[in-house]
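Chains, contacts and geometry: an overview
Below are the chains, spelled out letter by letter.
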Amino acid sequence: QVQLVESGGGLVQPGGSLKLSCVASGNFAAIYFMGWYRQVPGKQRELVAAIDSDANGLVYADSAKGRFTVSRDNTNNTIYLEMTALKPDDTADYYCHLKGAVQGLKKDIAMWGQGTLVTVSS
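Residues numbered from 1 in each chain as written. Predicted model: local features only at pLDDT ≥ 70, side-chain atom pairs only at ≥ 80, totals over all residues. Heavy atoms only, no water.

**Quick notes on the sheet that holds strand β8 (residues 78-83)**
Two orientations exist for strands paired in a sheet by backbone hydrogen bonds: parallel and antiparallel. The strand order across the open sheet built from four strands is β1-β3-β8-β7, with neighbouring strands paired in antiparallel fashion. Both outer strands of the open sheet, β1 (3-7) and β7 (68-73), are each paired with one neighbouring strand and no more. Sheet twist, expressed as the average angle between the axes of neighbouring strands with direction ignored, equals 15°. Note that β7 and β8 share six bridges and pair antiparallel. Along β8, the bridge assignment pairs D73 with T78. (Pairing = 2+ DSSP bridges. Helix = DSSP H or I, 4+ residues; strand = E, 2+ residues; numbered from the N terminus. Axes fitted to C-alpha atoms, helices over the stretch in contact; angles between N-to-C directions.)

And the structure:
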């Protein structure tokens, strides 16, 4: 069984910082891609930041550039999102996303975590 577990969300004042973590557990043969997405009610889920397996390929949404940093610890199958200078518009459910291969499965998988809520408000 494989799963993603996010943590680190919460309430923060505008201008504050938060660091999200997502741990992938299970019998992964390889993890190709990990990323963070966010969603607010009534809107589509959008990419915030993503990182490939060797941490060389980084992608950021325009809204995240200069404020958010994505990083990855391959030893522990963990991805982080460090968010600074947070704005009320950053309020959303943040989801971890993974694409990889699982031992014993012929097809690659794509999976989502359960989400962690980030609220930016004074």
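**Describing the packing of aromatic side chains**
Note on aromatic pairs: each is described by the distance of the centres and the angle between the planes. One pass over the structure, following the stated rule, counts one aromatic pair. Between Y37 and W112, the ring centres sit 4.9 Å apart and the planes meet at 75°, which makes this aromatic pair edge-to-face. With a gap of 75 residues between them, Y37 in strand β4 (residues 28-39) and W112 in strand β10 (residues 109-112) connect regions that are remote in the sequence. Y37 sits in the buried class, given a relative accessible area of 17%. Residue placement shows K19 over the ring face of Y80; its charged tip is 4.7 Å from the ring centre. Positioned over the ring face of W112 is R45, at 4.6 Å from the centre of the ring. (Phe/Tyr/Trp six-rings, centres within 6.5 Å; stacked < 30°, edge-to-face > 60°. Buried < 20%, exposed > 50% of the residue type's maximum accessible area, 1.4 Å probe, protein only. Lys NZ or Arg CZ within 6 Å of the ring centre and 35° of its normal.)

**Comments concerning the pattern of salt bridges**
Overall, the coordinates contain four salt bridges when judged by the stated rule. Where D62 meets K65, a salt bridge forms, and the shortest distance between an N and an O atom there is 3.2 Å. For the pair D62 and K65, a shared accessibility class is recorded, and that class is exposed. The residue R67 makes a salt bridge to D90 at a minimum N-O spacing of 2.7 Å. One end of the pair, R67, is in the loop between β6 (58-60) and β7; the other, D90, is in the loop between β8 and β9 (92-102), with 23 residues separating them in the sequence. Considered together, R67 and D90 belong to a single accessibility category, that of buried residues. Salt bridges sharing common partners tie together R38, E46, R67 and D90. (Salt bridge = Lys/Arg side-chain N within 4 Å of Asp/Glu carboxyl O.)

**Some words on unusual backbone geometry**
The backbone phi angle of N77 is positive, close to 50°, even though this residue is not glycine. Along the chain, N77 turns up in the loop between β7 and β8. For N77, a relative accessible area of 24% puts it in the partly exposed group. For A85, which is not glycine, the phi dihedral falls at a positive 50°. Mapped onto the elements, A85 comes out in the loop between β8 and β9. Its relative accessible area of 37% is what places A85 among the partly exposed residues.

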